[in-house]
Protein chains: 2
Amino acid sequence: MSTATVSRALAGKSSVSPATKARVEAAAKQLGYVVSAAASSLASGRTRNVGVVMPYLDSWFFMAVLKGAQRTLADAGYDVTLYHLAPADGLEIDSESAQRRSRLFDEFLRRQRVDALIAVNLELDDHERTALGDLSRPVVGLGGPLPGLHTLSLDDTGVARLATDHLLALGHRSIAHITGDPDFERDFQMPATRRAGYEASLVEAGIEPDPLLVRHANFTIEGGYDATLRLLGDPRVHPTAIFAASDEMAIGALLAARDLGRTVPGDLSIVGIDGHDLADFFGLTTIDQFPEVQGQQVAQIVIDELTGQLQDAVDEDLPYELVVRRSTSRLREA
Amino acid sequence: MSTATVSRALAGKSSVSPATKARVEAAAKQLGYVVSAAASSLASGRTRNVGVVMPYLDSWFFMAVLKGAQRTLADAGYDVTLYHLAPADGLEIDSESAQRRSRLFDEFLRRQRVDALIAVNLELDDHERTALGDLSRPVVGLGGPLPGLHTLSLDDTGVARLATDHLLALGHRSIAHITGDPDFERDFQMPATRRAGYEASLVEAGIEPDPLLVRHANFTIEGGYDATLRLLGDPRVHPTAIFAASDEMAIGALLAARDLGRTVPGDLSIVGIDGHDLADFFGLTTIDQFPEVQGQQVAQIVIDELTGQLQDAVDEDLPYELVVRRSTSRLREA
DNA sequence: CTGAAAGCGCTAACAA
DNA sequence: TTGTTAGCGCTTTCAG
């Protein structure tokens, strides 16, 4: 039997008789033979490897996404090569992280080691956009609109409105918002978008948004805690509810409220965004965005594209869902 | 100029004149030329890619390790391929996760796509041990003794003794311990080892270990919380201190104590293990084991081995350090 | 449906 | 120090 037939049998091509295919597979299993990745890649141009670029490797949310993507890709027979790319903050032009960033685009990705790339929450400058284009490999973005690429993104306005409307429906009128610093984190202006959704909901309910009710934090529990201390300590405002732009900040808010002697939800209702593992433990009402499923979905799009099952451009909105727990309740009559 | 010279120049071989080397590099940069990974691998047998096998992708500790390893490897020019391998629990023989596990060893790793493997907290059965041996590629284990392989591990007994001795030195005599289930998690008997260290310290201090003071949890905040409720609610015991086998469980203990109206450290001292990001926020005394540095160290060993700078077997103990914060204090006189 | 043969783009001997 | 050349182990036309 020729090497060509073996190759075709193992690749699952249709033009092999079931009988020989079975024989090849049996022999391969018995010998423990596995195709050499390098030789196969060199001959075919396909690597069976997908790159995943993540902005953070120490955040619960992104790791949930990674977990979902890795599993889906591995089950389809793909390796996953992980790249870590700290978000550009526009300030440190030639910092270590900026060097790593350009090295990724100019060196690592050019080695032609990946069949496709998953870019999570990645904003690209012109140079990077060109570099990705030159790869002529599919790139799928998760979390923000990447012009010209397949993209899955969350409707941040809708999510923020749902959270705010939930609090409004419970009778709250003085609703504070804890969000990220719009200058620092460049995640597609996600903080700004969520804030806009929050304000739009208020306006529709006939409430004038009060800038004093908006506080900035860095998307961590600590940040949410500090912001909440500042908020609740400010004598000029008297919020009865807080909408935090992430569950971690919401958990920080919960702990801060408790430390200040406010009961949740008695004195203060709190809602977050994400669907964090700990939300259930803390009884936190949240808008779940199913990050692990996001990872699976984006991986599936990559697989479909690589196997030619995908024709049209993808530009979908991700699902989200209000999960009510015990951190929100009807406004207590004064 | 021949392709061979270019190859040598770009590989940084010594046998190239500085002048031509410079010319090659300039030309390469100008053309945006980067060596094709597949062709290079096929010809040389080297992939410049290191596999990392992790038991969990959703735990803070392992992600810190991954972050450190990924950065060190990327800075040395290596790609990182991530494999997720849920720990074998001995029960579900033919579960999905068992299938994924055998597929990793029998298919993915045989593709010869990695120059070396980092195995984090991975216990191997005989088949797997053989499979790794057949790769004839360096394997470095982090977190447990892998016979015959380079290994970095934490002295769990020493860590547990340090934590316990810290509490003893503060005057505590009734010290509880929250640890993992020794049957369920097969992390090299880590929970059992830590418990042994705890008991050894007590015995040395002339205290009889009380099984009622030991509670099992699953290494999460929730688990630590529940275990602490059970512990503090048990009328038969009156601990004045808790040593938890992880910071997450310690944080759970802290929250549980607070919910039961016990002040920390007034009524109860609490110490954990890990050096979690949140330890500082919660004022948690901990034994820091510097997980991110562990990742860097294990990556560096791999790099040294691959570049031939490593001769002897490595079997080192990892550093750890007591970090005292405000969750532990001297025993209050009754 | 199967076989023969021509590379894929590099690296590493070996020569020069 | 550089050039020449023979593969590395597959996949894929092209024939049969």
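Residues numbered from 1 in each chain as written. Chains lettered and ligands numbered in written order. Predicted model: local features only at pLDDT ≥ 70, side-chain atom pairs only at ≥ 80, totals over all residues. Heavy atoms only, no water.

### Things to note about the packing of aromatic side chains
This is how it is decided: Within 6.5 Å between ring centres, the rings of Phe, Tyr and Trp (the latter by its six-membered ring) count as paired, and their orientation is classed by plane angle as stacked under 30 degrees, edge-to-face over 60, tilted in between. Here a strand is any run of E in DSSP of at least two residues, a helix any run of H or I of at least four, and the numbering for each starts at the N terminus. Summary of the burial criterion: residues with accessible area below 20% of their type's maximum are buried, those above 50% are exposed, and those between are partly exposed, where the area comes from a 1.4 Å probe applied to protein chains only.
A full pass over the atoms with the stated rule returns 12 aromatic pairs over all chains. Seen in terms of ring centroids, A:Y83 and A:F108 are 6.1 Å apart; in terms of plane orientation they differ by 80°. Their pairing is edge-to-face. In this pair, A:Y83 is assigned in strand 2 (residues 79-84) and A:F108 in helix 5 (residues 96-108), connecting sequence segments 25 residues apart. Judged by relative accessible area, which is 4%, A:Y83 ranks as buried. On the basis of relative accessible area, A:F108 is assigned to the buried category, the value being 5%. Seen from their ring centres, A:Y225 and B:F281 are 5.0 Å apart, and the 80° between their planes marks the pair as edge-to-face. Here the residue A:Y225 occupies a position in helix 9 (residues 221-233), and B:F281 occupies one in helix 11 (residues 279-282), the pair thus bridging two chains. By relative accessible area, which is 15% here, A:Y225 ends up buried. In this structure B:F281 comes out as buried when scored by relative accessible area, which is 14%.

### Quick word on the sheet that holds strand 7 (residues 214-217) of chain A
Residue and element names in this part refer to chain A. Condition: In this analysis, strands are considered paired if DSSP registers two or more bridges between them. Axis definition: a line fit to C-alpha positions, over the contact stretch in the case of helices; interaxial angles, taken between N-to-C directions, run 0 to 180 degrees. Note on contacts: a residue pair qualifies if any of its non-hydrogen atoms lie within 4.5 Å across the two residues.
One open sheet holds the six strands; their spatial order is 7-6-8-9-10-12, and the pairing between them is mixed. Only two strands of the sheet have a single neighbouring strand rather than two, namely strand 7 and strand 12 (321-323). For this sheet, the mean angle separating the axes of adjacent strands, direction not counted, is 20°. Across four bridges, the pairing between strand 6 (residues 175-180) and strand 8 (residues 241-244) is parallel. Bridge pairing in strand 8 places I175 opposite A241. Each of strand 6, strand 8, strand 9 (269-274), strand 10 (285-288) and strand 12 is contacted by helix 7 (residues 156-169), which is oriented at about 170° to strand 8, the strand it contacts most. Sheet contacts for helix 10 (residues 247-259): strand 6, strand 7, strand 8, strand 9 and strand 10; angle to strand 9, the most-contacted strand, approximately 155°.

### Observations regarding the nonpolar core
The criterion, for reference: In this description, a nonpolar core means a group of buried Ala, Val, Leu, Ile, Met, Phe, Trp, Tyr and Cys residues linked to one another through side-chain atoms lying within 4.5 Å.
In this structure, A:M54, A:L255, B:M54 and B:L255 are the most contacted members of the largest nonpolar core, which totals 150 residues. Beyond its immediate sequence surroundings of up to four residues, A:M54 is in contact with A:F62, A:M63, A:L66, A:L82, A:Y83, A:H84, A:L85 and A:V120.

### Examining the protein's contact with DNA strand D
Where we set the bar: It suffices for a single heavy atom of a residue to lie within 4 Å of a molecule or strand for the residue to be listed as near it. Definition of a polar contact: a pair of N or O atoms within 3.5 Å, with one able to donate and the other able to accept a hydrogen when the atoms are protein atoms, and with sequence-neighbouring residues admitted only if both atoms are side-chain atoms.
Taken together, 23 residues sit near DNA strand D, with A:S7, A:Y33, A:R46, B:T5 and B:R8 positioned nearest. In DNA strand D, atoms within 4 Å of the protein come 64% from sugar and phosphate. For DNA strand D, a phosphate oxygen lies 2.9 Å from a polar atom in the side chain of A:Y33. Elements with a contribution of two residues or more to the surface near DNA strand D: helix 1 (3-11) and helix 3 (37-44) of chain A together with helix 1 (3-11) and helix 3 (37-44) of chain B. When residues of the surface near DNA strand D are assigned to their parent elements, the largest contribution, four residues, is made by helix 3 of chain A.

### Remarks on the environment of A:P147
Residue and element names in this part refer to chain A. Assignment of secondary structure puts P147 in the loop between strand 4 (139-142) and strand 5 (150-153). Since its relative accessible area comes to 59%, P147 is described here as exposed. Linking P147 and L322, residues 175 residues apart in sequence, is a C-alpha distance of 29 Å.

### Concerning the protein's contact with DNA strand C
In plain terms, the rule: Each residue receives one of three labels: charged for Asp, Glu, Lys and Arg, nonpolar for Ala, Val, Leu, Ile, Met, Phe, Trp, Tyr, Cys and Pro, and polar for the others, Gly being one of them.
Of all residues adjacent to DNA strand C, which total 25 residues, the nearest are A:T5, A:R8, B:S7, B:Y33 and B:R46. Among the atoms of DNA strand C lying within 4 Å of the protein, the sugar-phosphate backbone contributes 67%. B:S36 has a polar backbone atom sitting 3.5 Å from a phosphate oxygen of DNA strand C. The set of elements that each furnish at least two residues to the surface near DNA strand C consists of helix 1 and helix 3 of chain A together with helix 1 and helix 3 of chain B. Considered class by class, the residues forming the surface near DNA strand C number 10 nonpolar, 11 polar and four charged.

### What about the interface of chain B and chain A?
Worth spelling out the cut-off: Once two parts are joined, some of their accessible surface, as seen by a 1.4 Å probe, is lost; buried area is that loss totalled over both. Counted as salt bridges are all cases of a side-chain nitrogen of Lys or Arg within 4 Å of a carboxyl oxygen of Asp or Glu.
Listed by partner, the interface residues are 50 residues for chain B and 50 residues for chain A. Together chain B and chain A conceal approximately 4600 Å² of surface at their shared face, both sides included; 55% is due to carbon and sulfur atoms. It is B:D79, B:R113 and B:F281 that lose the most area in chain B upon contact with chain A, and together they represent 14% of the buried surface on that side. Scanning the region where chain B abuts chain A turns up 10 salt bridges. With its nearest N and O atoms 3.0 Å apart, the salt bridge here joins A:D79 to B:R113. Linking chain B with chain A are 29 residue pairs in polar contact (both at pLDDT 80 or more). Taken together, the elements giving at least two residues each to the side of chain B that touches chain A come down to helix 3, helix 4 (60-75), strand 2 (79-84), helix 5 (96-108), helix 9 (221-233), helix 10 (247-259) and helix 11 of chain B. The element best represented in the side of chain B that touches chain A is helix 4 of chain B, accounting for seven residues. The residue inventory of the side of chain B that touches chain A, partitioned by class, reads 22 nonpolar, 10 polar and 18 charged.

### With respect to the packing of helix 4 (residues 60-75) of chain A against helix 12 (residues 291-306) of chain A
All names here are of chain A. For clarity, the cut-off: Should an angle fall under 35 degrees it is called roughly parallel, over 145 degrees roughly antiparallel, and 65 to 115 degrees roughly perpendicular, with every other angle called oblique. Each crossing gets its hand from how the near helix is turned against the far one by less than a right angle, where anticlockwise is left-handed and clockwise is right-handed.
Following both chains from N to C, one finds helix 4 and helix 12 inclined at 40°, their axes separated by 7 Å at the closest point. Comparing their axes, helix 12 and helix 4 come out oblique. The two elements helix 4 and helix 12 meet at a crossing, and its hand is right-handed. Mapping the contact onto sequence places W60, F61, A64, V65, K67, G68, A69, T72 and L73 in helix 4 and P291, E292, Q294, G295, Q296, A299, Q300 and I303 in helix 12. Here the residues of the contact of helix 4 with helix 12 are counted per class, giving nine nonpolar, six polar and two charged.

### A look at the UniProt feature "domain: HTH lacI-type" (unreviewed entry) in chain A
Counted only if it meets this: UniProt positions are given in the numbering used here, feature names are shortened, and annotations may be inferred rather than shown by experiment.
UniProt annotation of "domain: HTH lacI-type" (unreviewed entry) refers to residues 1-44 of chain A when read in the numbering used here. Helix makes up 70% of residues 1-44 of chain A and strand 0%, whereas the separation of the span's terminal C-alpha atoms amounts to 21 Å.

### As for the relation of the copies chain B and chain A
This is how it is decided: Copies are brought into register by a least-squares superposition over C-alpha atoms of residues with pLDDT of at least 70 in both.
Superposition record for chain B on chain A: RMSD 0.1 Å, screw rotation 180°, translation along axis 0.0 Å. What the superposition gives is, in effect, a two-fold axis relating one chain to the other. By residue overlap, the copies meet face to face through one surface: 100% of the interface positions of chain B are interface positions in chain A.

### Some words on the packing of helix 7 of chain A against helix 8 (residues 190-204) of chain A
Two quantities define a packed helix pair, namely the angle between the axes and the distance from one axis to the other. Residue and element names in this part refer to chain A. Orientation of helix 7 relative to helix 8, taken along the N-to-C sense of each, is 40°, at an axis distance of 7 Å. Relative to helix 8, the element helix 7 is oriented oblique. In this structure, helix 7 crosses over helix 8, and the sense of that crossing is right-handed. Seen from helix 7, the contacting residues are D156, T157, A160, R161, T164, D165 and L168; seen from helix 8, they are M190, T193, R194, G197, Y198, A200, S201, L202 and E204. Here the contact of helix 7 with helix 8 is composed, by residue class, of six nonpolar, five polar and five charged.

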